[in-house]
Amino acid sequence: MAKMEYSCKPGDPEFDILKYLSDYTDSAYAHCMRKYPEREWMFKIQKFAWNTPYHESLKENNRLIFMGSAVPPELIYAFNAVPLIADSVGIRLASDPHVINYYLDKGAEIVPSHICGIDRTVLGLVFSGDLKIKPAAYIYGTIPCDSARAAYPVVADKFRSMGVPTLSVDVPYRKDERGTQYIAKQLTNMIEFMEEEVFHEKLNRHKLAAVMYRSNEATRLLEAVADLRKLKPSYAMSRLLVLNSLYMSVLGSQPIIEFLRSEYDYIIDNIENNRTVVPGGEKYRYTWLQNMPWSTMSLVDWLEREYGAVQTMDALGFNQNIICEDPLDYDCVIDTLARRQLNVPMMHANSGPAQPYIDLGKRIIKEYDCDVSMFIGHVGCKHTWAAKKMLEDSIKAELGIPTLTVDLDSLDGRYKDASEVQAQIKDYMDALQ
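Everything numeric here is computed off the predicted structure, so don't read it as measured data.

### Concerning the packing of helix α7 (residues 117-128) against helix α8 (residues 146-161)
Relative orientation of the contacting elements α7 and α8 amounts to 10 degrees, with a least axis distance of 9 Å. The angle between α7 and α8 places the two elements in the roughly parallel class. For the pair α7 and α8, the contacting residues are Asp119, Val122, Leu123, Val126 and Phe127 in the first and Ser147, Ala148, Ala151, Tyr152, Val154, Val155, Lys158 and Phe159 in the second. Looking at the contact of α7 with α8, its residues break down into ten nonpolar, one polar and two charged.

Written out as structure tokens, the structure reads:
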């Protein structure tokens with residue numbers, strides 16, 4: 001796709017990051033419709049997430065909720081508001097070095113440079129003034145990592161100085177019944193916060209029930225898609241795992257249902273017509289056990305093309321199927337949201353003891369019949385680096401698969417560029433043949 005021309009750059013007084021993301025997405029969508037109109041469904045979900053058809057109305061109605069991790073978007077939609085997960089902004093910008101590097105460097109003026117690039121990007125964005133819409137509130141969780149715990153309160157202080165109400169949702173490490181009850185209380189406090197300090201209106205429980213029905217449908221569709229990825233050979237391109245990560249940002253909306261239903265139909269059509277991901281024959285099935293190289297996602301295409309290697313699932317995107325049995329029952333809704341928040345990436349395995357992380361890695365390899373294991377180690381995720389050796393040893397001992405370790409910065413290509421990352425993976429893949 002041709003590089004989008006823009007008249008101003010990050011940090012300029014007139015630069016609006018949400019407008020930039022909207023224009024960038026429009027450009028990508030137009031390119032898709034010219035060259036790959038059959039893939040429109042893959043770009044429509046991006047338009048919903050980033051094109052922000054609510055962009056102008058937000059300026060008038062101020063219904064934007066800027067969020068950290070571990071906050072369910074369903075509760076935001078139930079207030080007729082718009083969730084924007086702060087972490088996703090950096091991930092979306094990772095392939096645009098001129099923009100992401102500015103926010104990374106701006107964030108490094110506020111916190112040490114060893115803080116995760118995702119969190120530095122959020123800090124740089126907020127302190128730069130490029131978020132032109134003042135959000136109605138900033139709500140963030142206390143996990144999944146030390147970098148987030150260090151950065152989110154600084155962001156909250158900045159927003160409070162701007163008159164924006166802020167709330168911290170305290171998410172426990174433990175995922176047992178006591179942990180579920182604790183976070184359920186935190187979510188109840190979040191609802192009261194939005195009722196009393198943000199929107200000054202009561203939550204419409206019928207609206208919440210409607211959101212939860214949509215949330216349930218999307219959750220079931222995601223599980224169905226994940227099950228189809230277990231088929232060998234694979235009929236679902238690796239890149240779709242990247243788009244599936246939008247699930248956590250817009251869960252409860254109608255467009256995510258339409259996207260996942262289209263994805264399911266696309267895979268079924270491929271199966272019925274025997275269109276596999278690698279026409280010449282699938283040779284390898286791999287998983288990325290830590291993160292995605294967001295700034296160099298062309299690696300997945302290269303692996304398919306050069307090695308017949310298909311990514312079947314990744315540890316970051318692996319979701320648990322947790323359904324609300326009765327969306328009309330308010331207590332059932334809160335209990336379901338609490339259980340989900342303890343089991344979504346990265347909270348499901350990377351926010352506590354090492355054993356759940358190790359178990360998750362082995363489960364993915366077994367269920368998706370992977371024969372290649374790669375630890376794509378984002379330097380900012382220090383908590384997972386601490387468990388890396390145990391994870392590798394367990395996979396080797398139980399499954400007989402050696403794990404490649406690649407250290408990179410998933411957002412900052414200046415740490416290690418695409419050619420260096422590709423060279424490391426090439427050496428490993430060549431050794432397997």
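### Observations concerning helix α6 (residues 97-108)
Relative to the 16 Å expected for twelve residues at 1.5 Å per residue, α6 spans 16 Å between its end C-alpha atoms, a close match to the ideal helical length. Packing partners of the buried residues in α6 comprise α1 (17-35), α5 (86-93) and α7.

### Here we look at the pairing of strand β1 (residues 64-67)
Here β1 shows no split at all, with Leu64 and Phe66 on one side and Ile65 and Met67 on the other all buried. Note: β1 against strand β2 (residues 82-85), four bridges, orientation parallel. Considered in β2, the bridge of Leu64 is made with Val82. Two elements, β1 and strand β3 (residues 137-141), share three bridges in a ladder whose sense is parallel. Directly across from Ile65, in β3, lies its bridge partner Ala137.

### So, the sheet that holds strand β7 (residues 372-378)
Reading across the sheet, the four strands line up as β6-β5-β7-β8 and stay open at both edges, with parallel pairing between neighbours. Only two strands of the sheet have a single partner each, and these edge strands are β6 (309-314) and β8 (403-408). For this sheet the average axis-to-axis angle between neighbouring strands, irrespective of direction, equals 30 degrees. With six bridges joining them, β7 and β8 adopt parallel strand pairing. Opposite Gly377, over in β8, you have Asp407 as the bridge partner. This element, helix α14 (residues 298-307), spans β5 (284-288), β6 and β7 of the sheet and lies at about 160 degrees to β5.

### Thoughts on the packing of aromatic side chains
Counting across every chain of the model gives 14 aromatic pairs. Centre to centre, the rings of Phe15 and Tyr20 are 5.4 Å apart; their planes meet at 45 degrees, and the pair counts as tilted. Each of the two residues, Phe15 as well as Tyr20, counts as buried. Note on Trp41 and Phe259: the rings are 5.6 Å apart at their centroids and 35 degrees apart in plane angle, and the pair reads as tilted. In this pair, Trp41 sits in helix α2 (residues 40-51) while Phe259 sits in helix α13 (residues 254-272), placing the two residues 218 residues apart along the sequence. Each residue in the set Phe66, Tyr138, Tyr140, Tyr152 and Phe159 is aromatic and connected to the rest through ring pairs, giving one cluster. Its guanidinium or amino end placed over the ring of Tyr29, Lys47 lies 4.7 Å from that ring's centre, counting from NZ or CZ. Seen from the ring of Phe199, Arg63 lies directly overhead, with NZ or CZ sitting 4.1 Å from the centre.

### Some points on unusual backbone geometry
The step from Lys232 to Pro233 runs through a cis peptide bond, and the omega angle for that step is 5 degrees. Of note, Asn274 is a non-glycine position whose phi angle comes to about 55 degrees, a positive value. The residue Asn274 is located in the loop between α13 and β5 in this model. Positive phi outside glycine occurs at Asp369, with the angle close to 50 degrees. Within the secondary structure, Asp369 is located in the loop between α16 (354-367) and β7.

### What to know about the pattern of salt bridges
Under the counting rule described, the total for this entry stands at 29 salt bridges. A salt bridge links Arg340 to Glu74; its shortest N-O distance comes to 2.9 Å. Of the two residues, Arg340 is situated in helix α15 (residues 330-341) and Glu74 in helix α4 (residues 73-77); the sequence distance between them amounts to 266 residues. We note a salt bridge from Asp430 to Lys426, for which the minimum N-O separation is 2.8 Å. Here Asp430 pairs with Lys426, and both are found in helix α19 (residues 418-432), just four residues apart, close to one helical turn. Where salt bridges share partners, they join Asp227, Lys230, Arg363 and Glu367 into one cluster.

The rules we used
- Residues numbered from 1 in each chain as written.
- Predicted model: local features only at pLDDT ≥ 70, side-chain atom pairs only at ≥ 80, totals over all residues.
- Heavy atoms only, no water.
- Axes fitted to C-alpha atoms, helices over the stretch in contact; angles between N-to-C directions.
- Helix = DSSP H or I, 4+ residues; strand = E, 2+ residues; numbered from the N terminus.
- Parallel < 35°, antiparallel > 145°, perpendicular 65-115°, else oblique.
- Contact = heavy atoms within 4.5 Å.
- Nonpolar A, V, L, I, M, F, W, Y, C, P; charged D, E, K, R; others polar.
- Expected span 1.5 Å × (residues − 1).
- Buried < 20%, exposed > 50% of the residue type's maximum accessible area, 1.4 Å probe, protein only.
- Pairing = 2+ DSSP bridges.
- Phe/Tyr/Trp six-rings, centres within 6.5 Å; stacked < 30°, edge-to-face > 60°.
- Lys NZ or Arg CZ within 6 Å of the ring centre and 35° of its normal.
- Salt bridge = Lys/Arg side-chain N within 4 Å of Asp/Glu carboxyl O.

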